[in-house]
Amino acid sequence: MLVSVIFWFVVYTLTQPLSCSLQHEFEWNKYRLPTAITPNEYSIHLILDMFGNEDVNMELPYSGSVNISLYFNESTDLIVLHSVSLNITKVKVETQTDSSPDVLNYRHNDKMEQLEVKLDRRPDAGTEMNLQVEFTGLVSDQLQGFYKGTYRLSESKRRIIATTHMEAVSARKAFPCFDEPAMKARFRLEISRPQHWSSLFNTRLNHSRVYDERRMLDVYGFTPKMSSYLVAFIVSDFGSTNSSIVNSGVDKHPIEIIVSGRKDQLSQLEFAKGAAAHIILKYEQFFKISYPLPKVDMVAIPAFPAGAMENWGLITYRESALLSDPHVSSTTHQKWVASVVAHELAHQWFGNYVTMKWWNEVWLNEGFATFVGEMIGTKTFAENQGYDWPVTENFILAITQAMAVDGLLSSHPLSRSESKVNSGGIIEEMFDSISYKKGAAILRMLDSFVTRNVTQTALQDYLNSHSYGNAEASDLWASFDKAYKVAHQDAGETDISTMMNSWTDLSGYPVISVDIADQKITVTQSPYFLCVSCRKDKKDVNRLWTIPVTFKVYGSHASRLYSFNLKHKKAVVRLDMRRRWVKLNIDWSGYYLVKYNNYRLIQLSELSDVDIANLLFDAFELFKGGYVELKEFISLMWRVKEKEDIGYLTNNILMKIWWYLLRTFDQLHVYSEISQQIYKWLNVKNLDISYDSVQQMNSKDRHILIGKLWMALHIDYVRTAFENNQLLILALSWRRGLLEKSTPVVSKNAEDMTGSGRRIHKDISKAVWTCAFLLDERGIWDTLWKKYITAKIPSEQANYKTVLAAARHTQLLHKYMSYSLTSGKKDDTVPIISLVAFSRNGRDVAWSFVKEHWNTLYSKYGAVGPMINKLIVATASNFADRTKLLEVKSFFADLTGSAGKMAVAQSLEKIRSKIYMVEERGADMLRFFQHLRTRDSVL
Ligand SMILES: [Zn+2]
């Protein structure tokens, strides 16, 4: 780094007038690269000073060169590419012609993360040129670019591997490149590795040769044409299971599926491998486009900044997202693994084969992978393998998380203005629940409007039209328009592009108010804002969406489904409505809320589980935002709660509401009233958690059972343990087994996790362990911490992680976060602090911890994907009082850089909305719950 800066300075001072002002230092000083030059092919050569016995704290240098073949679209004497934290030692150019230009100088623009290469003459447009850059660098300690991943061989011994994570803008940290998604090229790699280790790249190994007495050089062939953020390479001592080979259903070429990870974890890779084999063929069949590579590697990385990364042909995963043990890992965990595999494989088409043009439309990658991954990949895998996972219901629950953010004024449109997404920090912000979950939600809404056949045709058209290239949302809607018009000759004025533009260009979502009179239904749309005090300041309330509305009319006749597009502020549907009522948003397929003028007309017994859940969720969001009165909302909620057969989705929405109330009012008198009501509803005494009973349940019932246990322990663990005798016995037995055994507590085959012959079903183990821990926190903390850091089964490790965060003693919570920061798993620190912040006792401790260690946390995670944003929202948004609002505001007032700004704005807005809830609704809430305690029913 220093070398290149000094070199540049000498050249610069010799060639430029001294009076030149600073903003003219660089000829190209823009965030986006010039389009005059296109890269075609990269040959990357990397030599690591890595021999297989490195200490985790040692620096890991490497040297390398990259040869890039360039095409000049225009005549220019300036080549600008990306490079950061690399020490450039030599830059050379070559053309096929005799009059090859020379490099006049090169210099590094640190702010823009660019390398400017000035030529001594301008080659003509159409020139092909070879650019060679030599450099040295350090394998990073942060979880980005080319970085060190560490894992434990034992409690005291750790091992390093070298791996990559390039998305979004970190390929430039590994090697100089044109690091923009539309600058697609083919990449090949040569990389050194310790003699008995192995390496991996996007493509297959071509051959290996001896590099020196301790290292080999692995040589790989070219990738397909792709974006730089999809490049990946790994040097490790990992092993792999036997690969699976499936034949492409489109062009019959064999596709090898190889799963790898630490050698002591290989048996846990089989489930993911099976899921991948099934899902990849399903996608081929759906898109009618073959997976273009001969192999897909899937690797479990011990320290990973995200859930997984879709690098073409070499998908990297956080360990817990790929590994599962059928005897130990819970049903929820297995479903999570299948979902992540399905999501990453969907990216091989959406993202890799066709890529968004720029990061302002990252939802085109992520919304698609989420929608296709769940609704096609995971769903068909589960159906085919006989898993009874509630895929659609969980998909809907995920959408409610997007709505929680999208109801804020500080949310953002799916497609942001291209010019505004102009820094690494803002690009990272785009990887949020809006891009993933709202993106998926509007695709589901469109899918249900146009029908699945049209969706399939449109997606095939979109992928074929832009193969190995880039696209924008307008290209996608054009494909939908085409397919829709072919399928519906009578489509008339329906224009998919216009409809969908309103969903991608506007942030937030509408609330439809329904008014029923004798002869008509009047619907009116307006934007929804969660924060009452925030929306008073906002002029921009005239947003209009084109909403594909569905509704059913119930009453004296059989229910009937209607649909129409609401394009204007208001619409009137003329129907005879005497003694009849309506429910909008059938099957909860639309991304909007509905407010009814009379909830009492609605007969819950006539609605499906999904429609009751939708009705209740909407009413709750409207209540939070001040659109619906407490009495209206609570009376609906009580009717739902008192129903005898509450379905899975409705149960989940009820729990969501309970959690919100517990967490918003947790410092106030009303908390004890609310928690008593919830405790009564949970009916802890009658929860049967015996092994056989849990085993016989379907996965929905198990999920509900776990949720109830978890909430009961949160409210009052002592009472829960003593009221549910089974829980107490299992918890105490498990604790005894934990303390008496030096070997792992889990005996896999018997699923006997207590050490005393009592069996704990794997799906409820986390609740049992938590109960044991809460009954004796100080007594077993050290043992649990050791179990956590040495666990070989990631799902088990995740259980320990959650259990430790449930501590009631603030000193233990503080110790837990401190240990995690200094000696825990690097990719677990943010999740651990977030888990601590979630609990009633941990909220203030986590926030204090974040303030105290902000600089360390920011330097470790500030530039790493969306981690810092998650940390801010998880710890700073939980408060409901004005003092804390000011504290959070002033703490983040001088946040440097752009990373985290949107997260801070969203946190402040969430606090404001909770203050409204406490100040405006708290007294009524208290009166209601007190009244309820003294009477059987007030409604
Ligand atoms: Zn993704």
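Residues numbered from 1 in each chain as written. Predicted model: local features only at pLDDT ≥ 70, side-chain atom pairs only at ≥ 80, totals over all residues. Heavy atoms only, no water.

*Asks:* Even after reading the chapter, I still don't get the overall build of the protein chain, so can you show me in this structure?
*Replies:* Summing up its helical and strand segments, the protein chain has 30 helices and 29 strands in all. Split into buried and exposed, the 939 residues of the protein chain put 62% on the buried side. The contacts of the protein chain with a sequence gap of at least 6 include a subset with a gap of at least 24, amounting to 73%. Accessible surface for the protein chain amounts to roughly 35400 Å². Of this, 49% is attributable to carbon and sulfur atoms. Where the 108 positive side-chain charges of the protein chain centre and where its 102 negative ones centre are 5 Å apart. (Helix = DSSP H or I, 4+ residues; strand = E, 2+ residues; numbered from the N terminus. Buried < 20%, exposed > 50% of the residue type's maximum accessible area, 1.4 Å probe, protein only. Contact = heavy atoms within 4.5 Å. Areas by Shrake-Rupley, 256 points an atom, 1.4 Å probe, with all protein chains shown as cover. Lys, Arg positive; Asp, Glu negative; His and termini not counted. Charge placed at Lys NZ, Arg CZ, Asp CG, Glu CD.)

*Asks:* What am I meant to see in the packing of aromatic side chains here?
*Replies:* Two descriptors summarise a pair of aromatic rings, namely the distance from one centre to the other and the angle between the planes of the rings. Overall, the coordinates contain 65 aromatic pairs when judged by the stated rule. Between Phe368 and Tyr462 the ring centres are 6.2 Å apart and the planes differ by 10°, which places this aromatic pair in the stacked class. Of this pair, Phe368 sits in helix α6 (residues 363-385) while Tyr462 sits in helix α10 (residues 452-465); the two residues are 94 residues apart in sequence, bridging distant segments of the chain. When its relative accessible area of 1% is taken as the criterion, Phe368 is described as buried. Aromatic side chains Trp785 and Tyr816 sit 6.1 Å apart centroid to centroid with 85° between the ring planes, which places their arrangement in the edge-to-face category. Of this pair, Trp785 sits in helix α22 (residues 777-790) while Tyr816 sits in helix α24 (residues 810-823), and the two are 31 residues apart along the sequence. By relative accessible area, Trp785 is classed as buried at 7%. Members of the aromatic cluster, each reached through a chain of ring pairs, are Tyr283, Phe286, Phe287, Tyr291, Trp349, Phe350, Phe368 and Tyr462. When the ring centre of Trp710 is taken as origin, the NZ or CZ atom of Lys766, which lies over that ring, is 5.8 Å away. (Phe/Tyr/Trp six-rings, centres within 6.5 Å; stacked < 30°, edge-to-face > 60°. Lys NZ or Arg CZ within 6 Å of the ring centre and 35° of its normal.)

*Asks:* Just checking my understanding: could you explain the pairing of strand β6 (residues 114-119) for this structure?
*Replies:* Of all 6 residues that make up β6, 6 are buried, and the element is covered over most of its length. Side chains of β6 alternate between two faces, with Gln114, Glu116 and Lys118 and Leu115, Val117 and Leu119 buried alike. Here 5 bridges tie strand β3 (residues 78-82) to β6, and the two strands are oriented antiparallel to one another. Within β6, the position partnered with Val80 by the bridge is Glu116. The pairing of strand β5 (residues 103-109) with β6 spans 6 bridges and is antiparallel. Paired with Asn109 across the bridge in β6 is Gln114. In this antiparallel pair of consecutive strands, β5 and β6, the connection spans 4 residues, and Glu113 shows a positive phi of 60°. (Pairing = 2+ DSSP bridges.)

*Asks:* How should I be thinking about the packing of α24 against helix α26 (residues 842-852) in this particular structure?
*Replies:* Relative orientation and spacing of two packed helices are given, respectively, by the angle between their axes and the distance between those axes. It is at 10 Å that the axes of α24 and α26 come closest, and there the two elements cross at 40°. Viewed along their axes, α24 and α26 adopt a mutual orientation that is oblique. The handedness of the crossing between α24 and α26 is right-handed. Within the contact between the two elements, α24 uses Thr810, Leu813, His814, Met817, Ser818 and Leu821 and α26 uses Gly842, Val845, Ala846, Phe849 and Glu852. (Axes fitted to C-alpha atoms, helices over the stretch in contact; angles between N-to-C directions. Parallel < 35°, antiparallel > 145°, perpendicular 65-115°, else oblique. Left-handed = near helix turned anticlockwise from the far one by under 90°.)

*Asks:* How should the sheet that holds strand β28 (residues 581-584) be read in this particular structure?
*Replies:* By definition, the strands of a sheet pair up through backbone hydrogen bonds, in either a parallel or an antiparallel sense. Sheet architecture is open: 3 strands sit in the order β26-β25-β28, paired in antiparallel fashion. Edge positions in the sheet fall to β26 (560-566) and β28, since each of these pairs with one other strand and no more. Shown here is a sheet whose adjacent strand axes are inclined to one another by a mean of 30°, direction ignored. Where strand β25 (residues 547-554) and β26 come together, 7 bridges link them in antiparallel fashion. Note that in β26 the partner of Thr550 across the bridge is Ser563.

*Asks:* Would you mind showing me how to read the domain arrangement of the protein chain here?
*Replies:* A common way to report how large an interface is uses the accessible area buried once the components associate. Taken domain by domain, the protein chain holds domain 1 (2-237), domain 2 (356-505), domain 3 (510-641), domain 4 (665-775) and domain 5 (808-939). The interface of domain 4 with domain 5 comprises 15 residues on the first partner and 13 residues on the second. For the pairing of domain 4 and domain 5, the buried interface totals around 1400 Å² over both sides, and the portion due to carbon and sulfur atoms is 62%. Three residues stand out in domain 4 for area buried against domain 5, namely Phe665, Glu673 and His714, and they jointly supply 36% of the buried area on that side. Between domain 4 and domain 5 we count 1 salt bridge in total. Residue Arg843 is joined to Asp666 by a salt bridge in which the shortest nitrogen-to-oxygen separation is 3.6 Å. (Domains from an automatic or database assignment. Buried area = accessible area lost by both parts, 1.4 Å probe. Salt bridge = Lys/Arg side-chain N within 4 Å of Asp/Glu carboxyl O.)

*Asks:* Could you clarify how one ought to interpret the coordination of the zinc ion in this entry?
*Replies:* Octahedral metal centres with six donors ideally show angles of 90 or 180 degrees, and tetrahedral centres with four donors ideally show 109.5 degrees. With distances of 2.0 to 2.1 Å, the protein atoms coordinating the zinc ion are His343 (NE2), His347 (NE2) and Glu366 (OE). Positions of the donor residues of the zinc ion, expressed as sequence spacing, correspond to H-x3-H-x18-E. Taken together, the positions of His343 in helix α5 (residues 331-347) and Glu366 in helix α6 put the pair 23 residues apart, joining distant regions of the chain. Summarising the burial analysis for this pair, His343 and Glu366 share the class buried. (Donors = N, O, S within 2.8 Å, 3.2 Å for Na, K, Ca; no water.)

*Asks:* Even after reading the chapter, I still don't get the environment of Lys288, so can you show me in this structure?
*Replies:* By the secondary structure assignment, Lys288 is in the loop between α3 (270-287) and β18 (295-301). Those residues in contact with Lys288, other than ones at most four positions away along the chain, are Val250, Tyr283, Gln456 and Gln460.

*Asks:* Sorry if this is basic, but what is going on with the UniProt feature "active site" (unreviewed entry) in the protein chain here?
*Replies:* Residues annotated in UniProt with the feature "active site" (unreviewed entry) correspond here to Glu344. Structurally, Glu344 is set in helix α5. The residues contacting Glu344, other than those within four sequence positions of it, are Ala308, Met309, Glu310, Ile315 and Tyr317. Here Glu310 takes part through its backbone nitrogen, which lies 3.1 Å from a polar atom of the side chain of Glu344. (UniProt positions renumbered as here; feature names shortened; annotations may be inferred. Polar contact = N/O pair within 3.5 Å; in protein donor to acceptor, adjacent residues only side chain to side chain.)

*Asks:* Hey, could you run me through the side chain of Arg702 in this one?
*Replies:* Within the fold, Arg702 resides in helix α19 (residues 699-723). For Arg702, a relative accessible area of 12% translates into the label buried. Of the polar contacts made by the side chain of Arg702, one reaches the backbone oxygen of Met697; its length is 3.5 Å. At 3.0 Å, the side chain of Arg702 and the side chain of Asp763 are in polar contact. Non-local contacts of Arg702, meaning those with residues more than four positions away in its chain, are made with Thr331, Val694, Gln695, Met697, His761 and Asp763.

*Asks:* Could you clarify how one ought to interpret the side chain of Arg416 in this entry?
*Replies:* Tracing the sequence through the fold places Arg416 in the loop between α7 (391-406) and α8 (424-429). The residues touching Arg416, leaving out its near neighbours within four places in the chain, are Asn360, Val421, Ile426, Glu429, Met430 and Met902.

*Asks:* What am I meant to see in the nonpolar core here?
*Replies:* A general feature of soluble globular proteins is that nonpolar side chains tend to end up buried together. Judged by nonpolar contacts, the single largest core of 250 residues is most densely connected at Ile79, Phe175, Phe233 and Trp359. Residues contacting Ile79, with those up to four places away along its chain left out, are Ile37, Leu70, Phe72, Val93, Leu115, Glu116, Val117, Leu119, Met129, Leu131 and Phe178. Within the second largest apolar cluster, 68 residues are counted, among which are Leu709, Ala721, Ala772 and Leu871. (Core = buried A, V, L, I, M, F, W, Y, C linked by side-chain atoms within 4.5 Å.)

*Asks:* What am I meant to see in the sheet that holds strand β1 (residues 37-48) here?
*Replies:* Overall, mixed pairing links the 7 strands, which are arranged β4-β7-β2-β1-β10-β13-β12 in an open sheet. In the strand order of this sheet, the two ends are held by β4 (87-95) and β12 (205-210), each with one partner. Along the sheet, successive strands turn relative to each other by an average axial angle of 15°, direction set aside. Where β4 meets strand β7 (residues 128-138), 8 bridges bridge the pair, whose relative direction is antiparallel. Bridging across to β7, Glu94 finds its partner in Asn130.

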